[in-house]
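Given next are the chains, with one letter for each unit.
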Amino acid sequence: MTKVIGVRFRTAGKIYFFAPGKFEIKRGDHVIVETARGIEYGRVVSGPKDVKDEEVVQPLKSVIRIATEQDRKTVEKNHQKEKDAFKICQEKIRKHGLEMKLIDVEYTFDNNKILFYFTADGRIDFRELVKDLAAVFRTRIDEDTGRHRHMRPSSVLQYLPDGVRGSIHQDGEGTEPVSEPDKDLGGVRTSDVLSDK
């Protein structure tokens, strides 16, 4: 058996397992953890419990710390940045006349990534939108996997600063807990790729 806590990063999002480590953590606490997306702030939705080893995706990462007041303020600042980024992206979508709907924008806790959540009824060539957003947010988009330059319905466009990779994700299935996000926060998985080449 392995002792875990269940952490959720978005309201009604997927639950991920982490080891509580040396901390006394209870349901409702906020914690700082390391994920595939970087350092993240999440809410504990299931208190420490023992689960069968085969139910845990290894390696199981430990909680870095219980969130502080400063961490909460960082999250509030990120929410304001998300609102600003949402407005900018909507303006750029209108400017390019793209038939896509911006659903949400998310900054990761450590500000290493900006995710733009879109829906569209079909494939859309949004290379010019990517160039505009990359210039505004001072990001570079590189290929991750595959060769597609189009977006599928219910997709996520990731922007990563400092020349790190960006990719598009399509909704995945399932809500079973796993040890940590694997580029799929909220149940999304890599499906297509973006390139400004």
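Before any of the text, the structure's been laid out above.
Residues numbered from 1 in each chain as written. Predicted model: local features only at pLDDT ≥ 70, side-chain atom pairs only at ≥ 80, totals over all residues. Heavy atoms only, no water.

> Mind showing me how you'd approach the overall build of the chain here?
Counting its secondary structure elements, the chain contains two helices and 12 strands. The N-to-C order of helical and strand elements in the chain reads β-β-β-β-β-α-β-β-β-α-β-β-β-β. Carbon and sulfur atoms provide 47% of the accessible area of the chain, an area that totals close to 10400 Å². (Helix = DSSP H or I, 4+ residues; strand = E, 2+ residues; numbered from the N terminus. Areas by Shrake-Rupley, 256 points an atom, 1.4 Å probe, with all protein chains shown as cover.)

> Would you take a moment to explain the packing of aromatic side chains for this structure?
Any pair of aromatic rings gets described here by the distance separating the centres and the angle formed by the planes. Applying the stated criterion to the full structure yields four aromatic pairs. Geometrically, the ring pair formed by Phe-9 and Tyr-16 is tilted, given 5.7 Å between the ring centres and 45° between the ring planes. Of the two residues examined, Phe-9 and Tyr-16, each falls in the buried class. Look at Tyr-41 and Phe-109: their rings are 6.0 Å apart centre to centre, the planes differ by 20°, and that puts the pair in the stacked class. Remark: Phe-109 occurs in the loop between strand 6 (101–107) and strand 7 (114–119) and Tyr-41 occurs in strand 4 (residues 38–51); sequence separation between them is 68 residues. For the pair shown, Tyr-41 and Phe-109 are each scored as buried. Counting every residue linked through ring pairs, the aromatic cluster contains Phe-9, Tyr-16 and Phe-18. (Phe/Tyr/Trp six-rings, centres within 6.5 Å; stacked < 30°, edge-to-face > 60°. Buried < 20%, exposed > 50% of the residue type's maximum accessible area, 1.4 Å probe, protein only.)

> Looking at this model, I keep getting lost on the sheet that holds strand 4. Mind explaining?
Strand pairing in a sheet relies on backbone hydrogen bonds, with the paired strands running either antiparallel or parallel. The strand order across the open sheet formed by five strands is 2-1-4-3-5, and the pairing between neighbours is antiparallel. Whereas interior strands pair on both sides, the edge strands pair on one side only; in this sheet they are strand 2 (15–18) and strand 5 (63–66). When strand polarity is set aside, the average angle formed by the axes of neighbouring strands in this sheet is 45°. Sheet topology places strand 3 (residues 30–35) next to strand 5; three bridges connect them, and they run antiparallel. Bridge pairing links Val-33 to Val-63 in strand 5. Those strands touched by helix 1 (residues 69–96) are strand 3, strand 4 and strand 5, and its axis lies near 120° from that of strand 4. (Pairing = 2+ DSSP bridges. Axes fitted to C-alpha atoms, helices over the stretch in contact; angles between N-to-C directions. Contact = heavy atoms within 4.5 Å.)

> Mind showing me how you'd approach the nonpolar core here?
For soluble globular proteins, nonpolar side chains are generally found buried alongside one another. In terms of nonpolar packing, the biggest core is built from 18 residues, with Ile-93, Met-100, Phe-116, Phe-118 and Leu-129 touching the most fellow members. Put simply, the parts of the chain that give this core at least two residues each are helix 1, strand 6, strand 7 and helix 2 (127–136). Core analysis: the second largest hydrophobic core is formed by 10 residues, Tyr-16, Phe-18, Ile-25 and Val-33 among them. (Core = buried A, V, L, I, M, F, W, Y, C linked by side-chain atoms within 4.5 Å.)

> Looking at this structure, how should I read the environment of Lys-81?
With respect to the helices and strands, the residue Lys-81 is situated in helix 1. Taking relative accessible area as the criterion, Lys-81 reaches 34% and is therefore assigned partly exposed. Contact partners of Lys-81, with chain neighbours within four places excluded, come to Tyr-107 and Asn-111. Side chain to side chain, Lys-81 and Asn-111 meet in a polar contact 2.6 Å long. (Polar contact = N/O pair within 3.5 Å; in protein donor to acceptor, adjacent residues only side chain to side chain.)

> Before we go on, may I ask you to explain the packing of helix 1 against helix 2 in this structure?
How two helices pack is summed up by the angle between their axes together with the distance between the axes. It is the contact of helix 1 with helix 2, at a shortest axis distance of 10 Å, that shows an interaxial angle of 145°. Classified by chirality, the crossing of helix 2 by helix 1 is right-handed. Between helix 1 and helix 2, the residues in contact are Ile-88, Cys-89, Lys-92, Ile-93, Lys-95 and His-96 and Glu-128, Leu-129, Asp-132, Leu-133 and Val-136, respectively. Grouping the amino acids of the contact of helix 1 with helix 2 by side-chain chemistry returns six nonpolar, one polar and four charged. (Left-handed = near helix turned anticlockwise from the far one by under 90°. Nonpolar A, V, L, I, M, F, W, Y, C, P; charged D, E, K, R; others polar.)

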